[in-house]
Amino acid sequence: MDLILCHTTADFDALGAAVGLTRLLPGSKIVLTGGAHPPVRDFLALHRDEYQLIERRSVNPKKIRSLTVVDTQYRDRLGKAAEWLDLPHIKEIIVYDHHLAQHGDIPATKLHIAAVGATTTLIVEQLQKQQISLSTAQATAMALGIHVDTGSLLYDHTTPRDALALAWLMQQGASLSVVAEYVEPGLSPQLQQLLSEALDDLQYLCIRGYTLAWVTLVTDGYVPGLSSLASQLMELTEIDALLLANKYAAGEGELRFTVIGRSRISEVNLHQIFQPLGGGGHSQATSLNLRGVNCREILNQLLEGLKAQIPYPPTARDLMSSPVRTIRPDTTIEEAQRILLRYGHSGLSVVDTQGKLLGIISRRDLDIALHHGFSHAPVKGYMTINVKTITPNTTLPEIESLMVTYDIGRLPVLENGQLVGIVTRTDVLRELHQQNDGEKGRSGERGTEGEDDLEIPTLGELRDRLNPKLWELLTKASAQAKQRGWHLYLVGGAVRDLLLAKEASGSLLIKDIDLVVDGFHKAADVGAGVELAKALQQIYPAARLDIHGAFQTAALLWHKDPELNSLWVDIATARTEFYPYPAANPEVEASSIRQDLYRRDFTINALALRLTPPRAGKLLDFFGGLLDLQAKQIRVLHANSFIEDPTRIYRGVRFAVRFGFKIESQTEEYIRYAINSGVYDRTTKENHKTPALQTRLKTELKHILEAPYWQAALQLLGDLGALQCIHPSLKKLDAELLRRLRLLERCLHKFDLEETLLNHWQMRLEVIIAHLASQYRAKVAKNLQLQEDSIERLEKLAQVQAKVRDALPTCQLPSQVVKLLRSYDLPTLILVALHSSRPIRKQIWHYLTIWADIQPILNGNDLKKLGYKPGPQYRQMLDDLLAATLDGKICDRTSAEEFLNINYEI
């Protein structure tokens, strides 16, 4: 029996996908695992006989052959039917879903997951590919699935694939009249009349560049469908937020009051505004129903709450880079040029000894001076003196106007006469670009055909994705930073994972979190991260505080905490870094959040989420990380990134395999260039310490080799030639090494399934190192700073292998084999077996699986009871008993005692 499982409270998309699968899997049956949405229930009341539906209670689990799950990746959404997933005789479990970035717990043998508007679309594409036709009833159910899950192709997550699938279903005879009956209809005559009244009475308010509107409609009774009216008003008036109120009498003249809220402003959370009054919903759409209240007061309260959440426009404080790289007026042209190259700036501010701004010198000014041979002249002779400046509170429109009017590329930010930051033309363009992207996301505009936009979630949506206790921690950290006049950012992988976790499950508990303090216009020196960490430890005394590194970064660590589990929170001040030579540890110094992000490895890890107000929840994406997440690609930030730090190659591969991304073509070229350039060999010979080829490389290898996707990651590293970072002779992942790794997995599965005896990742690494010529093994193991036993094992492997190879064929009895092999530990024997011929390997396997577990029939206590005097001879007696047992000379206690009587005297 082949079953198709819809999740509990099935919607039309789950039903439509399941109906289509009955055509792909002839003879299969659909099981609604636990109820359905009311419209689905009503639809099935009339059309159930058209589909292959059976009840869960009528299924005999013993007869289930395969399971196909639609529209979910989680077993808890299958109700009691989830028990079937664990049946040992199930041959295949297939999952179809359209929710990306989820790590479901269904043990699927096949996954069909894509970023489309409806799961049904995936089934349609399979039907088209196999040229399978549908009946009208089947096409109608599937069309309902796409219509409802995409809002009739109007929701933001809709893709061109959904539209093409829907068109094909219409060709198959989908009944539009039936679809219209179960999809939200247009405005009724009553709502059309109310729409006209609302347009006449709508009141407007423009605040901080956004337009708010509100209206109260008085009717004789309850009016269904007001949410459709609110949506229509938003479209017709292009307002940013709306409060639509309806006052009416019900029952015995009881006054009732309904308010519907809608918003396009990402920073506004209507749910927070409506909830104190008993309302509820989402951040952008919510409602409330009250009775016997002062309608005017309620509407004013909601309006004030809405106005309070309207975001302020960006100011120079939000845009500027800080601290500013400055030079003195007597700095030479040559030195100024060197500073520009080091920091990647296009200009430098010139200040006096008191920090007062004197002028600005641009790259063009320096180039001209150098061209004319004035490299040793002071910059004061070439700098611009009449400089336009702004304050931290200057707004974005004012900054934009100054730059356009005076054709200025950078504006110094002064506060109380002191230089606290600088805003460049790039900062302004980037901010405007991000605002435009946000508007596109809200209006439903899409990118290139075939691509799906990765929507930027609101702060409320991000909060809903995280474990509540973790969000509480971030909130408290933000409050501590705000008290000190700092900005606090969540950066790197945590932001990436939040963006990829599209479902607002409230359960995402990220184990590693990076927080960065940016002082902007307030002082935040290198100790800011430590200060903030100490403040947080006062709130969370269970956390251990570690302060490490020359740059004074701090970490808070929780171990098996009942609420936060095992959590690592790194806190640092925004910084930039430089590599004195390839593969070295970087040198760091204080900088801005932009520079801090610029020093990171890949664009998808160079994202930051601001936690402190104003504009809390603002996403910083200076390098196109969102686009790369959307394109599912790994793109490096700098051309020389892999030359400076080869571990980035391993991280890039790890991310690519973990997320199912591809390495962007230019990035792959940079990887191959770095590997083939020979720079790693040269730097190892020239420098005693190369951490990126030693401890940090081992750390990356550990991350890869202990992950479930380690084989795919190793294969990709081999294809890139990146295994040469371990040793130059390891050119690729050849067939022999792959064979040994596969044999190792058999050994680990057989002898240490629960990973209690061996470190599996380390054994995999030892097999890789053992693949090298014997003279390199110990050196590589020491270079990677493996444990002493690993180094010794690899160093002696060739010697042990030769000894076993020569001696084992001469062993005629099992006892001789045991005597030879028991002097070696399990890891050594596994390595020897992997490097030996099949006959040798077979004997080692037989020893490990059978003979090694055989014990002497008698023990020391037995010998004592039999009258043998305790002493060194016990060891020999027990060894002889074991050998006789192994060789079949004795088989029970009686024969063992007889053996002792013959060979030993009491």
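Please refer to the structure placed before this passage.
Summarised in this report is the structure supplied together with it. None of these values were measured; they are calculated from a predicted model.

As for the overall build of the protein chain
Move 1: Secondary structure summary: the protein chain contains 37 helices and 28 strands in total.
Move 2: When the backbone C-alpha atoms are referred to their principal axes, the protein chain occupies close to 115 × 90 × 55 Å.
Move 3: Burial analysis of the protein chain (906 residues in total) assigns 52% to the buried set.
Move 4: Partitioning the contacts of the protein chain with sequence separation of at least 6, the portion at a separation of at least 24 is 67%.

Describing the sheet that holds strand β4 (residues 66-70)
Move 1: Read from one edge to the other, the open sheet built from 6 strands follows the order β3-β2-β1-β4-β5-β6, with strand pairing classed as parallel. The sheet is open, and its two edges are formed by β3 (53-54) and β6 (110-113), each paired on a single side.
Move 2: Summarising the sheet, strand β5 (residues 92-97) and β6 pair through 4 bridges and their orientation is parallel. Pairing of Val95 across the sheet is with Leu111, part of β6.
Move 3: Seen against the sheet, helix α1 (residues 12-24) touches β1 (2-6), β2 (29-32), β4 and β5 and runs at an angle of roughly 165° to β1.
Move 4: Those strands touched by helix α3 (residues 119-129) are β5 and β6, and its axis lies near 115° from that of β5.

Some details on the pairing of strand β10 (residues 254-263)
Move 1: Burial runs high along β10: 7 of the 10 residues are buried.
Move 2: In terms of strand pairing, strand β9 (residues 241-250) meets β10 through 10 bridges, oriented antiparallel. Its bridge partner being in β10, Ala245 is matched across the sheet by Val259.
Move 3: Of the strand pairs in this sheet, β10 and strand β12 (residues 285-291) are connected by 7 bridges, and their pairing is antiparallel. Considered in β12, the bridge of Gly261 is made with Thr286.

Topic: empty space enclosed by the protein
Move 1: All chains considered together, the criterion is met by 3 cavities of 30 Å³ or more.
Move 2: Put simply, the largest cavity is a space of about 200 Å³.
Move 3: Surrounding the largest cavity, 20 residues form its lining, Asp318, Leu319, Met320, Arg594 and Phe622 being those nearest its centre.
Move 4: Elements supplying a minimum of two residues to the lining of the largest cavity: α11 (316-319), α15 (425-443), β18 (487-491) and α20 (593-598).
Move 5: Residue composition of the lining of the largest cavity, by class: 7 nonpolar, 5 polar and 8 charged.

Thoughts on the side chain of Arg465
Move 1: With respect to the helices and strands, the residue Arg465 is situated in helix α16 (residues 459-465).
Move 2: Among the polar contacts made by the side chain of Arg465, one reaches the main-chain carbonyl oxygen of Leu498 at a distance of 2.7 Å.

A word on the environment of Lys307
Move 1: Counting through the fold element by element, Lys307 comes out in helix α10 (residues 295-309).
Move 2: It is 8.4 Å that separates the C-alpha atoms of Lys307 and Leu212, two residues lying 95 residues apart in sequence.
Move 3: Leaving out residues up to four positions away in the same chain, Lys307 has contacts with Leu205, Ile207, Arg208 and Leu212.
Move 4: In terms of polar contacts, Lys307 uses its side chain to reach the side chain of Glu304, at 3.1 Å.

A few points about the packing of aromatic side chains
Move 1: This model, assessed by the stated rule, comprises 14 aromatic pairs.
Move 2: Here Tyr598 and Phe623 contribute two aromatic rings whose centre-to-centre distance is 5.7 Å and whose plane-to-plane angle is 45°, an arrangement assigned as tilted. In this pair, Tyr598 is assigned in helix α20 and Phe623 in the loop between β26 (619-621) and α21 (625-631), connecting sequence segments 25 residues apart.
Move 3: A residue is classified by how much of its surface remains accessible, and Tyr598, at 40% relative accessible area, is partly exposed.

Description of the sheet that holds strand β19 (residues 512-518)
Move 1: Spatially, the 7 strands line up as an open sheet ordered β20-β21-β22-β19-β18-β25-β26, and their pairing is mixed. Two strands lie at the open edges of the sheet, namely β20 (544-548) and β26, each paired on one side alone. Sheet twist, expressed as the average angle between the axes of neighbouring strands with direction ignored, equals 25°.
Move 2: Relative to β18, helix α18 (residues 493-500) is tilted by about 65°, and along the sheet it contacts β18, β19, β25 (607-610) and β26.

What counts as what
Residues numbered from 1 in each chain as written. Predicted model: local features only at pLDDT ≥ 70, side-chain atom pairs only at ≥ 80, totals over all residues. Heavy atoms only, no water. Helix = DSSP H or I, 4+ residues; strand = E, 2+ residues; numbered from the N terminus. Buried < 20%, exposed > 50% of the residue type's maximum accessible area, 1.4 Å probe, protein only. Contact = heavy atoms within 4.5 Å. Pairing = 2+ DSSP bridges. Axes fitted to C-alpha atoms, helices over the stretch in contact; angles between N-to-C directions. 1 Å grid on protein atoms, 1.4 Å probe; cavity = no way out; pocket = protein on both sides within 12 Å on 5 of 7 lines; lining within 4 Å. Points joined across faces, edges and corners; volume = space filled by probe spheres on them. Nonpolar A, V, L, I, M, F, W, Y, C, P; charged D, E, K, R; others polar. Polar contact = N/O pair within 3.5 Å; in protein donor to acceptor, adjacent residues only side chain to side chain. Phe/Tyr/Trp six-rings, centres within 6.5 Å; stacked < 30°, edge-to-face > 60°.

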